[in-house]
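# Observations on the three-dimensional arrangement
Here's the letter readout for the chains.
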Amino acid sequence: MNASLQNAARPFTPDAIVRLLPPTTRLLGLGEPTHGVEAFLELRNELFRHLVEHKGYRSIAIESDILAGLIVDGYVTEGTGTLDDVMSRGFSHGLGASAANRELVRWMRAHNRTRPAQDRLRFYGFDGPLEITGPSSPHTPLTTLHGYLAAHLELPHAAETVNRLLGTDERWTNPDATLDPTQSIGRSPEAKELRLITDDLLALHAANAPHLIALTSREDWWRAGLHGRVAADMLRYHAGMADTTPARLPHLIALRDAMMAAYLGDIVGRSGPTLAFAHNLHLRRDKSRMHFGGMPQQWWSAGALVGAALGDEYAYVASTFGTQGDDVPAPDTVEGVLSALTDEYSVIDPRDLDLARVTARVPASFRYFALDPATVNQADGIVFVKEIPPV
């Protein structure tokens, strides 16, 4: 075994990860190299329990719709709904089918059941309402903000005007617009007017915060504002969908991570120390890169953006794996070097690794993104799973 690897690696324990983190960490990003592998979610659950019990963490945020996540949060904090219903409606991208996600929600609810409100764990999504077929309609988030404000303020925009401009949800969720920008209504006169209205409503929400919080609650005020920010983000994303220039795709990719970074910043400011779990591409400290739409794409990841804002309060731990079925990493790749480890799960300090003359792995599946040997030392740690099941 490489001598540097012996010095850098330890068997996986949550404490082995914590020892690698700056003491100033308030947001810990734990990345996964591919979606749909339960092992990475199970390790996440074990780490989160340790952070809650020993480091005072009180929230977790995952790569799922931030508004749907409110359903999960209502269940884990107040017991609202049933576990089956929450798993069905509270996650996007099919994540509610995960046994590890179900166990996370069940454990959080059990932990919170006898605790006072200020000491309960919070659950968040931190992705926009963006499914594979495209972005959702801004109808629900915008009318939610409007309804909250209208109950307590005189507004310059009537509900009837907002609903007329929004029209039917099908106009916004047309799947043909995913590949054909001419099918998008994101730059229509109605969409442009809605962006101005949303800006006005968000300004009123902020300017009247003391009054609104006194009349309702801080929680209700925050949720209304979150809906407004999501509405603004969706309208901005839909405008990007209507872009007919070559800049369309990279702009949309960058917009998504900018949303994620803003939501994470809000979550940490609201809930304190937080574990964020998402794909490595969204949490790394530098630019993310991939081939998509037949072209190389690069953009500043959510981790890079929130890290720029939080400085040494942000830490990032990447995850990767060795073998998956017939996909065995070459020995001169990062994953090939790590495959010399004998433990099923390991924690590695990348700053102690000698990766000279190591090349990037070429994955057998487009669903997986290998670690980049040129930038892997920017992570605070690596979690390595020696083998995962084939797809």
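Residues numbered from 1 in each chain as written. Predicted model: local features only at pLDDT ≥ 70, side-chain atom pairs only at ≥ 80, totals over all residues. Heavy atoms only, no water.

Helices and strands together make up the secondary structure of the protein, namely 16 helices and 12 strands. Radius of gyration (C-alpha) of the protein: 22 Å, near the 21 Å computed for a compact globule of 391 residues. For the C-alpha atoms alone, the extent of the protein along its principal axes is close to 70 × 55 × 35 Å. When burial is assessed residue by residue, the protein has 54% of its 391 residues classed as buried. Sequence-distant contacts in the protein: of pairs separated by 6 or more residues, those separated by 24 or more amount to 78%. About 17200 Å² of surface is accessible on the protein, with carbon and sulfur atoms providing 54% of the total. In the protein, the 36 positive side-chain charges and the 47 negative ones have mean positions that sit 3 Å from each other. (Helix = DSSP H or I, 4+ residues; strand = E, 2+ residues; numbered from the N terminus. Rg over C-alpha atoms; globule rule 2.2 N^0.38 Å. Buried < 20%, exposed > 50% of the residue type's maximum accessible area, 1.4 Å probe, protein only. Contact = heavy atoms within 4.5 Å. Areas by Shrake-Rupley, 256 points an atom, 1.4 Å probe, with all protein chains shown as cover. Lys, Arg positive; Asp, Glu negative; His and termini not counted. Charge placed at Lys NZ, Arg CZ, Asp CG, Glu CD.)

Here we come to the side chain of Ser319. Inspection of the secondary structure assignment puts Ser319 in strand β10 (residues 314-324). Ser319 gets classed as buried once you look at its relative accessible area, which sits at 3%. Side-chain polar atoms of Ser319 contact the backbone oxygen of Gly31, separated by 2.8 Å. With near-sequence residues (within four places) excluded, Ser319 lies in contact with Leu30, Gly31, Glu32, Pro33, Phe40, Asn280, Leu371 and Val383. (Polar contact = N/O pair within 3.5 Å; in protein donor to acceptor, adjacent residues only side chain to side chain.)

Summarising the element assignment, His238 is placed in helix α12 (residues 218-241). With a relative accessible area of 2%, His238 lands in the buried category. At a separation of 2.8 Å, a polar atom in the side chain of His238 contacts the main-chain carbonyl oxygen of Ser136. When sequence neighbours within four positions are dropped, the list of residues in contact with His238 reads Pro135, Ser136, Pro138, Trp172, Ser184 and Gly186.

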